[in-house]
Amino acid sequence: MQPKILVIAQTEGSTTEAVTFEVMMAARELAGKTSGAVCTAVMGAENDGPAKELSRFSDTLYTLESALLESFQSELYLQAIKQLCGQIEPDIILLAHNLDNIDLAPVLAHALDATLITDCIALGIDSESGNLLCTKEVYGGNANAVFVNTGKPAIATLRPKGLKNVELPAGEGSIQKIDLVLEEKSVRVEVIENVSSQAESFEKADVVVAGGRGIGGADGVLLLEELIQALKGKFAEVALGGSRPAIDEGWMPGFRQIGLTGEKVNPQVYIAVGISGALQHMTGIFGSKKIVAINNNAEASIFNYADYGIVGDYKAAVASFTKKIREIS
Amino acid sequence: MKTLNIIVCLKQIPDPEGPTTAYGVDQAAKEMKISGIPPVVNPFDENALEAALKLKDQHGAKVTVLSMGEKLAKPVLIKALGAGADDLILLEDTGFKELDSKSTAYVLACAARKVGDYDIILVGRQAGDWDSGQTGMLLAGNLDIPAISLAVDVKVDESHVVVRKLKRNGHQVVKAPMPVLISADSQVGALRYPSLKALMAAKKKKPLTWKAADLNLDATKLIARNLYQLNPPPPRFRKCVFIEGESLQDKGENLAARMCQDGIL
Ligand SMILES: Cc1cc2nc3c(=O)[nH]c(=O)nc-3n(C[C@H](O)[C@H](O)[C@H](O)COP(=O)(O)OP(=O)(O)OC[C@H]3O[C@@H](n4cnc5c(N)ncnc54)[C@H](O)[C@@H]3O)c2cc1C
Ligand SMILES: Nc1ncnc2c1ncn2[C@@H]1O[C@H](COP(=O)(O)O)[C@@H](O)[C@H]1O
């Protein structure tokens, strides 16, 4: 079998989101193993920039342009992808596992009567059947399951790894414009308001300082921010992160959540303050070179995963850690 | 306005925050071997139930809980009644063992149709066992109703719901006509504690049990998860250097000194 692999690109206006390159690489690798073809779909109001860039990875790039696709709306995106799939009949569809696609991917799977495996960390092909094999963490990271995806098409969303630099292949592939007929009337979920602020990403962070339930409140975040300021004397990029309770309690905005249902980070140093070490948090940070834990419970499981640990109340420890870093800068 | 009918889908799973030592993998059988931890309601489903109960507080509503499994521990689900749900329906059948997401959504859809006349179906964004995160949207597809994912706040405005949902850079407010399916994020809020009195009363209630045969479903559509392999996770433990000191101040300073010495700072 020489599968036709369709990548749904993730773009924001004229820029391609970094995660798209990771998905493209995975698609290229699969295509390499199977002599398959990589097709890419770019959706938006005006796609020239991303289309050119991504055509380098693609045998054929399809641009799906409409003012209605300017920003993500699940039902309209679904209509567009369905029309493309009707024309090109892909065997495999790959998307990034992000908040928008948590919505779109299952809806697409239902519409195409396909099978979806979400949040995959590796893809392969079963040499006997030619089926897509999708590896994902299950039970919060307590096991790795390899699923056989017999769907026609087989759909997978890929976990963003937060890779720093992906090399662009040289050259350009062919770009094809798809004529769309989008029906705004049939849209049932109407967007009323966007409440957005600037969301930072963790890709470039050398150090992440993260607070959990144990920091007790927004005041705790201020202490962590002082530590971050001190660390900026030593490292170019230092970011604030949090475990889920720190977000649910409203101490930090949602994009700072790290873990299974948050961001995955790979800094040189991860400093976990008042975080117990639940696997659903840890799975987001195992890529860190060094892990430091500050926790007042010597039995907390975070210490099993840490390179350095302080047992004790975080306030005094963080303050003197901060002071000393300033001194040695 | 007629009384709101809300269905909440609760999945029973082994405590996802149980110690990692409780979780084993039988690679030959491609099965999890989990011991010594209790079953719980999937945490995101508790959030979904809380969203339903908040609507009940505001508008009055009938809240029906559906839970599907091969074998369910009733005491775990009785908590939902204690917290304020009105009815509990167990979808229990040997044929419901380890179903894939598509089949699970199909069974839940058949059950929702049997409950009938629903306005809102609430689910969790993801179940902490297989971490699949798609059953809700598939269920909406089955029922051909609009779906809103990742809700952090749910309001009802006459014949519509107005939902604040997660976006990476903040929130988005959307509106959709009922009937509608909504998946809940943890930011919706933690499930209220049932009072002791409510819990006692709940224990006296008899949950309904529906088997596959009660659901008017096509048994050939029930398909188990298609596993090629199930493997233990890679080793992840590290050797922790515990920083000592007379006081916490000392420990903090010693940590910086040690990390400096090791070439990290
Ligand atoms: C499907 C699913 C997905 C999930 N996704 C995520 C995710 O993406 N990210 C995430 O983080 N969680 C996630 N969770 C939740 C996760 O299981 C844990 O509940 C969560 O990570 C716990 O956060 P915590 O460590 O901050 O809080 P707790 O577990 O309550 O730990 C707080 C810690 O702080 C310590 N402490 C208290 N006071 C002090 C003090 N004064 N000084 C020092 N230490 C102190 C305590 O000893 C304790 O160890 C998910 C759960 C599920 C089921
Ligand atoms: N067996 C089940 N019984 C009841 N609800 C379920 C079941 N499986 C999944 N759900 C619902 O669907 C949501 C998403 O599940 P999943 O797709 O398995 O991550 C859960 O949070 C539940 O609300």
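So, here is what we can say about the structure in this document. These numbers were taken from a predicted model, which means no experiment stands behind them. (Residues numbered from 1 in each chain as written. Chains lettered and ligands numbered in written order. Predicted model: local features only at pLDDT ≥ 70, side-chain atom pairs only at ≥ 80, totals over all residues. Heavy atoms only, no water.)

**Some words on helix H3 (residues 74-88) of chain A**
Residue and element names in this part refer to chain A. Selection criterion: Numbering of helices and strands runs from the N terminus, with a helix taken as a DSSP run of H or I at least four residues long and a strand as a DSSP run of E at least two residues long. Here a helix's expected span is defined as the number of its residues, less one, multiplied by 1.5 Å. Type-normalised accessible area, obtained with a 1.4 Å probe on protein chains alone, sets the label of each residue: buried when under 20%, exposed when over 50%, and partly exposed for intermediate values. In what follows, a contact means two residues having at least one pair of non-hydrogen atoms within 4.5 Å.
Relative to the 21 Å expected for 15 residues at 1.5 Å per residue, H3 spans 21 Å between its end C-alpha atoms, a close match to the ideal helical length. Among the 15 residues that make up H3, 11 are buried, leaving the element largely enclosed by the rest of the structure. Buried residues of H3: Ser 74, Glu 75, Leu 76, Tyr 77, Leu 78, Gln 79, Ala 80, Ile 81, Leu 84, Cys 85 and Ile 88, and no others. Where H3 is buried, its residues touch strand S1 (4-8), strand S4 (37-44), strand S5 (60-65), strand S6 (92-96) and helix H4 (99-111). In the stretch just after H3, Glu 89 is the one whose phi turns positive, near 45°.

**Some words on the site of ligand 2**
Residues and elements named next belong to chain B. We count it as follows: Each residue is tested against the molecule or strand, and it is near if at least one of its non-hydrogen atoms lies within 4 Å. Any pair of N or O atoms that falls within 3.5 Å is considered a polar contact. Within protein, one atom must be able to donate a hydrogen and the other to accept it, and sequence-neighbouring residues count only if both atoms are side-chain atoms. Accessible areas in this description were obtained via Shrake-Rupley with a 1.4 Å probe; residue shielding takes into account the shown protein chains only. Side-chain classes are defined by residue name, with Ala, Val, Leu, Ile, Met, Phe, Trp, Tyr, Cys and Pro counting as nonpolar, Asp, Glu, Lys and Arg as charged, and the others, Gly among them, as polar.
Taken together, 18 residues surround ligand 2, and among them Cys 9, Asp 45, Ala 127, Gly 133 and Thr 135 come closest. Taking Asp 45, its side chain carries an N or O atom lying 2.4 Å from an oxygen atom of ligand 2. Interatomic distance of 2.8 Å between a backbone N/O atom of Met 68 and a nitrogen atom of ligand 2. For ligand 2, whose accessible area on its own is 480 Å², the fraction buried by protein is 98%. When contributions to the shell around ligand 2 are tallied by element, the ones reaching two or more residues are strand S6 (61-69), helix H3 (101-115) and strand S8 (120-124). Top element by residues in the shell around ligand 2 is S6. It accounts for three residues. Counted by class, the shell around ligand 2 contains seven nonpolar, nine polar and two charged residues.

**A short note on the interface of chain B and chain A**
Condition: The buried area of a pairing is the accessible area, by a 1.4 Å probe, that goes missing from both parts when the two are put together, added over both. The working definition used for a salt bridge is a side-chain nitrogen of Lys or Arg within 4 Å of a carboxyl oxygen of Asp or Glu. Strands are treated as partners if at least two bridges between them are detected by DSSP.
With 75 residues of chain B at the contact, the number on the chain A side is 81 residues. Where chain B abuts chain A, roughly 7,100 Å² becomes buried across the two surfaces, and 58% of that area is made up of carbon and sulfur atoms. Linking Lys 323 of chain A and Glu 253 of chain B is a salt bridge whose minimum nitrogen-to-oxygen distance equals 3.2 Å. The tally of links between chain B and chain A comes to 40 residue pairs in polar contact (both at pLDDT 80 or more). No other element matches helix H6 (residues 248-261) of chain B, which puts 11 residues into the side of chain B that touches chain A. Split by residue class, the side of chain B that touches chain A holds 38 nonpolar, 19 polar and 18 charged. Sheet topology note: the strand S12 (residues 190-196) of chain A/strand S11 (residues 170-177) of chain B ladder contains six bridges and is antiparallel. By the bridge assignment, Val 191 of chain A is partnered in S11 of chain B with Val 174 of chain B.

**Some details on the sheet that holds strand S8 (residues 132-138) of chain A**
Short version of the rule: A fitted line through C-alpha atoms serves as each axis, taken over the contacting stretch for helices, and the angle formed by two N-to-C directions is quoted from 0 to 180°.
Taken together, 10 strands build an open sheet; the order of strands is S11(A)-S5(A)-S4(A)-S1(A)-S6(A)-S10(A)-S7(A)-S8(A)-S9(A)-S14(B) and the sheet is mixed. Of all strands in the sheet, those with a lone pairing partner are strand S11 (174-177) of chain A together with strand S14 (227-231) of chain B, marking the two edges. When the angles between neighbouring strand axes are averaged without regard to direction, this sheet yields 35°. In this sheet, S14 of chain B lies alongside strand S9 (residues 143-149) of chain A in antiparallel orientation, the contact comprising four bridges. From the neighbouring strand, Asn 144 of chain A faces S14 of chain B, where its bridge partner is Asn 231 of chain B.

**Let's talk about the environment of Glu 225 of chain A**
Residues and elements named next belong to chain A. When you line up the elements, Glu 225 lands in helix H5 (residues 218-231). Glu 225 sits in the partly exposed class, given a relative accessible area of 36%. Placed 15 residues apart in sequence, Glu 225 and Leu 240 show a C-alpha to C-alpha distance of 7.5 Å.

**Focus: the packing of helix H9 (residues 314-328) of chain A against H6 of chain B**
Helix-helix packing is described using two parameters, namely the angle between the two axes and the distance between the axes. For clarity, the threshold we go by: Working rule for angles: under 35 degrees goes down as roughly parallel, over 145 as roughly antiparallel, 65 to 115 as roughly perpendicular, anything else as oblique. When the near helix sits turned anticlockwise from the far one by under a right angle, the crossing is termed left-handed; a clockwise turn instead gives a right-handed crossing.
In the contact formed by H9 of chain A and H6 of chain B, the axes pass within 7 Å of each other and the chain directions differ by 40°. With respect to each other, H9 of chain A and H6 of chain B are oriented oblique. Remark: the crossing between H9 of chain A and H6 of chain B carries right-handed chirality. On the side of H9 of chain A, the interface is formed by Ala 316, Ala 317, Ser 320, Phe 321, Lys 323, Lys 324, Ile 325 and Ile 328 of chain A, while H6 of chain B contributes Leu 248, Gln 249, Gly 252, Glu 253, Leu 255, Ala 256, Ala 257, Met 259 and Cys 260 of chain B.

**Concerning the site of ligand 1**
Around ligand 1, the surrounding shell holds 30 residues, and the nearest of these are Ser 243, Thr 261, Ser 276 and Asp 313 of chain A together with Glu 17 of chain B. Ligand 1 sits at a junction of chains, with neighbouring residues supplied by chains A and B. For ligand 1, a nitrogen atom lies 3.0 Å from a polar atom in the backbone of Tyr 314 of chain A. Between Glu 17 of chain B and ligand 1, the recorded distance is 2.7 Å, taken from a side-chain N or O atom to an oxygen atom. Alone, ligand 1 offers 980 Å² of accessible surface; in the complex the protein occludes 88% of this.

**Some points on helix H4 (residues 135-143) of chain B**
Considered for burial, the residues of H4 of chain B that qualify are Gly 136, Met 137, Leu 138, Leu 139, Ala 140 and Leu 143 of chain B. On its buried face, H4 of chain B is in contact with H4 of chain A together with strand S1 (4-9), H3, S8, strand S9 (147-157) and strand S12 (180-184) of chain B. The first or second residue beyond H4 of chain B is Asp 144 of chain B, which carries a positive phi of 50°.

**As for the packing of aromatic side chains**
The condition is simple: Each Phe, Tyr or Trp ring (for Trp, its six-membered ring) is paired with any other whose centre lies within 6.5 Å, and the angle between the two planes then decides the class: stacked below 30 degrees, edge-to-face above 60, tilted in between.
In total, this model carries eight aromatic pairs over all chains according to the counting rule given. Both rings, one in Phe 72 of chain A and one in Tyr 77 of chain A, keep their centres 5.1 Å apart while their planes meet at 65°; by these two values the pair is edge-to-face. The exposure classification of Phe 72 of chain A matches that of Tyr 77 of chain A, with both residues buried. Taking 5.4 Å as the distance between ring centres and 75° as the angle between the ring planes, the aromatic pair formed by Tyr 305 of chain A and Phe 237 of chain B counts as edge-to-face.

**Topic: the pairing of strand S7 (residues 115-125) of chain A**
A regular strand carries its side chains on alternate faces of the sheet. Residue and element names in this part refer to chain A. For S7 and strand S10 (residues 154-158), the ladder comprises four bridges, and the chain directions are parallel. Looking at S10, one finds that Ile 117 is bridged to Ala 156. In this sheet, S8 lies alongside S7 in antiparallel orientation, the contact comprising five bridges. Looking at S8, one finds that Gly 124 is bridged to Leu 133. Connecting S7 to the antiparallel partner S8 that follows it, the hairpin turn spans six residues, and Gly 130 within it adopts a positive phi of roughly 80°.

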